[in-house]
Amino acid sequence: MIKPILSRIFQGLFFLSFVWIYFSVIFTNSGDEPWIAILVGIAILAIGIGAAYFCKKIVAKWSPKIIHSIFAGIAIIILSLLIYFSFSLKASLIWDADEVYRAATAPLNGEQLADNYFAIYPNNIFILLIFKIFYKIIFAITGSTDIIYIMILNAVIIFVGIIFMYLISVKLWGPHIGLLTGIVCLFFAPFYVYVAYYYTDTFSLPFITIAIYLYLCAIDSKKKIGKYLLLVGSGFVIALGFKLKATIVILLVAVIIHLFLSQKIRTALKYTGVIAASFIVMFLSYNIVVDQLHIVSEEEAYEKQMPYVHWIMMGLNGNGGYNADDVLYTQSFPNIEEKTAADLSVIKQRLSDYGFNGFINHLTNKAVHNTWGDGTYCIFGEGKTVPETNSKLWEFVLSTGKYYNIFYYYCQGFHLAILTLLMISLLIGIKKGIVNGTLLFKIAIYGLFLFLLIWETRSRYVFGFAPLLLLISVDTCKELVDINFQQLKDKFILSKKRLLSKNKLEKQSQAKH
């Protein structure tokens, strides 16, 4: 009995925390003419609910084999579009993504880079290793280190994330809702444009969907050995994902909370032990391997590495995003101990300068304008983008492009629809108090929300969790079409009759006296 209550409390807290941000995004961060985004959002909501109704009434009657075949067709279209966008939006990115690309390809091109970027940002070592292995294979086959190859790999990685979204949907709600998920993914524009961002935001995406799928399979598995192997696999994937993108550790916390809400205490403790132990084993194994590669020496790390508090410090400045002055300030100190002490001093000063009200305003501004308010997920908003093609698509996706407003308002309208369905889902959760797979997604999203209030932030940091937002949206559409309006009407009529009868009895009683 306590678990549904805890579910209601959590979703109520999420709703109250997010509702002001939701309305602020709609009216203050949806372009110069927010009514366009609102109308697009309403249209997408109507289409989404209509598609859910069609899937419930028609597609649900089809055999799973037919549904899987139709999704396979949709998947081919999605992959084709991802590859097309890869060639069309080929570009050099003058920021961290380019640093990783150049470091991976420099040895193959006979070059030597002057600075060790990874001494400063060791969090990008895993993606460097992926790039290095990939380009060694590509170079052996083609003799080239062209940037198009990593963009194609990026497209495939996004595609893998989408495939596991489908598998999750089928697992939770059946093949007909899996098909609805495929349709939603087909029209989700950021998936296609983000092929040009060959960085941790996209490379981490399948780690989230694969880990969740393995976890859900483990919970449902009737075979004891299979169950534990799946939990171990999920822990391994989360650990590797964490090494790629720190925010993925939120998923581990979400899974553990979900276990204690959905399982008996002893069972939850056992499963938590397995998944946590596997996470730690993979985490330590990765560290041992990386240490053996000598990518960064202890001396370099001591002198150059940015302390974790650096990102908290940046998160307290301006809009809470990347700040070049803060980077230069931290780098001005000779070692990690002095960097940490200096950043902590700035953090204390900024909190003091804000005061309570100022700090709340800062967090709200940060959440609305730099995290949750951009349906394009800050695509091409980092550093400098140098297009290497003459594709007309650039006129749509670059903010300076002739047709950018079409792209922007479509994405923003889609985003408003997603946020609206999230809010509706929370209200449904408050009413029902059910502990299900969708609750896991909400816990993870709320964890990301809290983390990005503290950390340096960008709306692109939300992109890796976009599959969870889309899955919540799909489930909400399903919930809305499952509503029995006749039953609601009957309940309303019955309660009205009872009220009239009560009033009549009260009047008769008063007349007697």
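Please refer to the structure placed before this passage.
Residues numbered from 1 in each chain as written. Predicted model: local features only at pLDDT ≥ 70, side-chain atom pairs only at ≥ 80, totals over all residues. Heavy atoms only, no water.

Tallying secondary structure elements over the protein gives 24 helices and two strands in all. Relative to a compact globule of 513 residues, whose C-alpha radius of gyration would be 24 Å, the protein shows 25 Å and is just as compact. Viewed in the frame of its principal axes, the protein has a C-alpha envelope of about 100 × 60 × 55 Å. Counting the 513 residues in the protein, one finds 52% classified as buried. For the protein, restricting intrachain contacts to residue pairs at least 6 apart in sequence, the fraction spanning at least 24 positions comes to 82%. (Helix = DSSP H or I, 4+ residues; strand = E, 2+ residues; numbered from the N terminus. Rg over C-alpha atoms; globule rule 2.2 N^0.38 Å. Buried < 20%, exposed > 50% of the residue type's maximum accessible area, 1.4 Å probe, protein only. Contact = heavy atoms within 4.5 Å.)

To locate leftover empty space, one rolls a probe as large as a water molecule over the atoms. There is about 1,500 Å³ of room inside the largest pocket. Y121, P122, N123, N124 and W311 are the residues nearest the centre of the largest pocket, which is lined by 46 residues in total. Contributing elements (two or more residues each) for the lining of the largest pocket: α4 (96–105), α5 (117–120), α12 (224–244), α14 (265–293), α15 (298–304), α16 (309–315), α17 (324–331) and α22 (460–463). In terms of residue count, the dominant contributor to the lining of the largest pocket is α14 (five residues). (1 Å grid on protein atoms, 1.4 Å probe; cavity = no way out; pocket = protein on both sides within 12 Å on 5 of 7 lines; lining within 4 Å. Points joined across faces, edges and corners; volume = space filled by probe spheres on them.)

Side chains of residues three or four places apart in an α-helix project in the same direction, reflecting 3.6 residues per turn. Between its first and last C-alpha atoms helix α13 (residues 249–262) spans 20 Å; for 14 residues at 1.5 Å apiece the expected length is 20 Å, and the two agree. Those residues of α13 that sit buried are I250, L251, L252, A254, V255, H258, L259 and L261. Those residues of α13 hidden inside the fold are in contact with α1 (2–28), α11 (205–220), α12, α14 and α21 (437–454). (Expected span 1.5 Å × (residues − 1).)

Here the focus is the packing of aromatic side chains. One pass over the full model with this rule turns up 47 aromatic pairs. Consider the rings of Y117 and Y121, whose centres lie 5.3 Å apart with planes at 45 degrees: the pair is tilted. Each member of the pair, Y117 as well as Y121, is classed as buried. Between F164 and Y213, the ring centres sit 5.7 Å apart and the planes meet at 70 degrees, which makes this aromatic pair edge-to-face. With F164 in helix α7 (residues 148–173) and Y213 in helix α11, this residue pair connects regions lying 49 residues apart in the sequence. One aromatic cluster in this structure is built from W95, F188, F191, Y194, Y197, Y199, Y377, F380, W394, Y410, F414 and F463. (Phe/Tyr/Trp six-rings, centres within 6.5 Å; stacked < 30°, edge-to-face > 60°.)

Here I152 shows up in helix α7. For I152, a relative accessible area of 23% corresponds to the partly exposed category. Distance from I152 to A196, taken between C-alpha atoms, is 9.2 Å for residues 44 residues apart in sequence.

Here we come to the side chain of S278. On the secondary structure map, S278 appears in helix α14. A distance of 2.8 Å separates the side chain of S278 from the backbone oxygen of I275, its partner in a polar contact. (Polar contact = N/O pair within 3.5 Å; in protein donor to acceptor, adjacent residues only side chain to side chain.)

Here we take up unusual backbone geometry. Here Y377, not a glycine, exhibits a phi torsion of approximately 55 degrees, which is positive. When you line up the elements, Y377 lands in the loop between α18 (336–370) and β2 (384–387). For Y377, a relative accessible area of 1% puts it in the buried group. A positive phi angle is found at C378, which is not glycine, with a value near 60 degrees. Note on placement: C378 falls in the loop between α18 and β2. Residue class for C378 comes out buried when judged on its relative accessible area of 9%.

Moving on, we come to the nonpolar core. Ranked by internal contacts, the top residues of the largest apolar core, which has 163 residues, are F18, I150, F191, Y198 and W372. With five residues, the next largest nonpolar core counts V309, M313, V346 and I347 among its residues. (Core = buried A, V, L, I, M, F, W, Y, C linked by side-chain atoms within 4.5 Å.)

There is a patch of like negative charges on the surface, built from D291, E298, E299 and E303. No other element matches α15, which puts three residues into the negative patch. (Patch = residues over 30% accessible without salt bridge, like charges linked within 9 Å, V, L, I, M, F, W, Y side chains within 5 Å. Areas by Shrake-Rupley, 256 points an atom, 1.4 Å probe, with all protein chains shown as cover. Salt bridge = Lys/Arg side-chain N within 4 Å of Asp/Glu carboxyl O. Lys, Arg positive; Asp, Glu negative; His and termini not counted. Charge placed at Lys NZ, Arg CZ, Asp CG, Glu CD.)

Within the secondary structure, T457 sits in the loop between α21 and α22. Judged by relative accessible area, which is 0%, T457 ranks as buried. Within the structure, the side chain of T457 is placed 2.9 Å from the side chain of T371, a separation counted as a polar contact.

This part covers empty space enclosed by the protein. Scanning the entire structure with this criterion turns up two cavities of 30 Å³ or more. There is about 130 Å³ of room inside the largest cavity. Among the elements that line the lining of the largest cavity, the one with the most residues is helix α20 (residues 404–432), at four residues. The residue makeup of the lining of the largest cavity, split by class, is three nonpolar, six polar and four charged. When its volume is computed, the second largest cavity comes out at roughly 30 Å³. Lining the second largest cavity are D201, S204, I208, K245, T247, I248, R460, Y461, G464 and F465. Here the lining of the second largest cavity is built from residues that sort into four nonpolar, three polar and three charged. (Nonpolar A, V, L, I, M, F, W, Y, C, P; charged D, E, K, R; others polar.)

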